[in-house]
Amino acid sequence: MIEQLEKRTTFDVFTRIKRGDNLVHIGTIDAETAELAKVYAAYTYDEEDWVEMCVVERNQLNWVKKPKGLFAGKGA
Amino acid sequence: MDQAEVLKEKVQEGFMVEGIDDMNEEYLKALKQTLTIVGDTELLSVPPLLTVYDQAPTLNNKITALAIMQDEIGHAHIAYRLLKDLGEDTDGLLYSREPNRWKNPYAFDFQLSNWIELGVFNALFDRAGYTLLGDAGQHTSYGPWRRALVKVDKEELFHLRNGEIIMRSAMKDPELRGKVQEAVDWMFIMALEFFGVADNLKSRSQQIEYKLKGKTNDELRQTWLSTAVPFCESIGVKVPAHYDEETEKFVLDVPFPCKFDVENKKWLFDQPDTWDNVIKRFKARGPQNQQFVERIQQGAKELEKLRNEAVS
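Thresholds, definitions, all that
Residues numbered from 1 in each chain as written. Chains lettered and ligands numbered in written order. Predicted model: local features only at pLDDT ≥ 70, side-chain atom pairs only at ≥ 80, totals over all residues. Core = buried A, V, L, I, M, F, W, Y, C linked by C-beta atoms within 7 Å. Buried ≥ 20, exposed ≤ 12 C-beta atoms within 10 Å, placed from the backbone. Helix = DSSP H or I, 4+ residues; strand = E, 2+ residues; numbered from the N terminus. Contact = placed C-beta atoms within 7 Å. Expected span 1.5 Å × (residues − 1). Bend = angle between axes of the 7 residues up to and from the residue.

- Within an unreviewed UniProt entry, the label attached to chain B reads Phenylacetic acid catabolic, and the organism entered is Pseudobacillus wudalianchiensis.

- Labelled according to an unreviewed UniProt entry, chain A appears under the name Phenylacetic acid degradation b, originating from Pseudobacillus wudalianchiensis.

Right, here's the structure in full:
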């Protein structure tokens, strides 16, 4: 519908609450650029005072292993 | 065993669904319906709050109200991004959907009359959200949703506490006491309707069989009553429900469901109603439905118009 939206890609958002914690996947953000993704992530996921937060463009993730689907290829 | 039986059995044993390959069509459909209701509810809670936020008595109250609205939009974002990952066209859902197709509760189709109602909205309606989503957070078989609900749970608790603070302080002011009671008189029963049709009228629930949620509608209504009633009583607000020692349950002192006078925002307790009629009322939507949805879609539509003009 909106031309600009078509150029958006999905970024996964990872955070660490405090030093020593695990880096955890907390959600996603759709953005036109990595810079905007950083801004959107900081505003959207403000439920903690994170010590660390990063965004990774989803198509940059290289999967080594994924859960085997219960109905792989035959389900919904 | 067919896919439905396999999946139902597995999720009841604690299997976590992580992706579409773990779902059958029925699960996917029920999950999408549930997430659409949740996303719409979170997002459409904002327009009614906006109708009175500028009546906030202090700057601090105003900042808190805005923070709550920002939270709600964040929660809506969670539901919609999960829907997007399930293949839904969320831009279409948000900006092209007709107002009467939105799935938010009927209670959110009303303008608020004053600041006190914003407090009661937080204390009673956010409590309903907290009850429903707390149950999903604890029980849902859909992994991505369960993880996302951690944030929602924390924030909804903050919203309902904010509502309690507003109600408690208003009850100490002789001029505002009446307003709290007036607000509770229409919003208490509205909140009870959030939980949907009575259990004995539902033959089966896919939401429960697939463990999208854990408790039944009536069980969740009891959970809500178990904190809403004692809170209201503790600050001197009258509610049409009490705890029954014998059955160890909260019981309502008025017919439920019953007819509602939309214009005067009053329950007609002398006119009991059926759930079929209530669902009809929900589907017909409340007075501000169109205006509120247009408010959400306005920016995107104006921007699109400007773009089209710039191009042509």
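After that view of the structure, there is still more to cover.
## Topic: the nonpolar core
Right, on to step 1. Membership of the largest hydrophobic core comes to 74 residues, with the highest contact counts inside it found for B:Val120, B:Leu124, B:Val184, B:Met187 and B:Ala191.
Right, on to step 2. If one sorts the elements of this core by residue count, helix α6 (residues 115–139) of chain B sits on top with 13 residues.
Right, on to step 3. Ignoring any residue separated from it by four or fewer positions in sequence, one finds B:Met187 in contact with B:Val120, B:Phe121 and B:Leu124.
Right, on to step 4. Core analysis: the next-biggest nonpolar cluster, separate from the first, contains eight residues, A:Ile26, A:Ile29, A:Ala37 and A:Val55 among them.

## Examining α6(B)
All names here are of chain B.
Right, on to step 1. When the terminal C-alpha atoms of α6 are compared, their 35 Å separation across 25 residues agrees well with the 36 Å that a helix rising 1.5 Å per residue should span.
Right, on to step 2. At Phe121, α6 shows its strongest bend, of approximately 30 degrees.
Right, on to step 3. For α6, the buried fraction is high: 22 of the 25 residues fall into the buried class.

## Quick look at unusual backbone geometry
All names here are of chain B.
Right, on to step 1. Put simply, Phe256 and Pro257 share a cis peptide bond, and its omega is 0 degrees.
Right, on to step 2. Even without a glycine there, the phi angle at Lys211 is positive, about 55 degrees.
Right, on to step 3. In this fold, Lys211 is placed in the loop between α9 (206–209) and α10 (217–234).
Right, on to step 4. According to the C-beta neighbour criterion, Lys211 is buried, with 24 such atoms within 10 Å.
Right, on to step 5. In this structure, Arg285 takes a positive phi of about 70 degrees despite not being glycine.
Right, on to step 6. With respect to the secondary-structure elements, Arg285 resides in the loop between α11 (275–284) and α12 (289–311).

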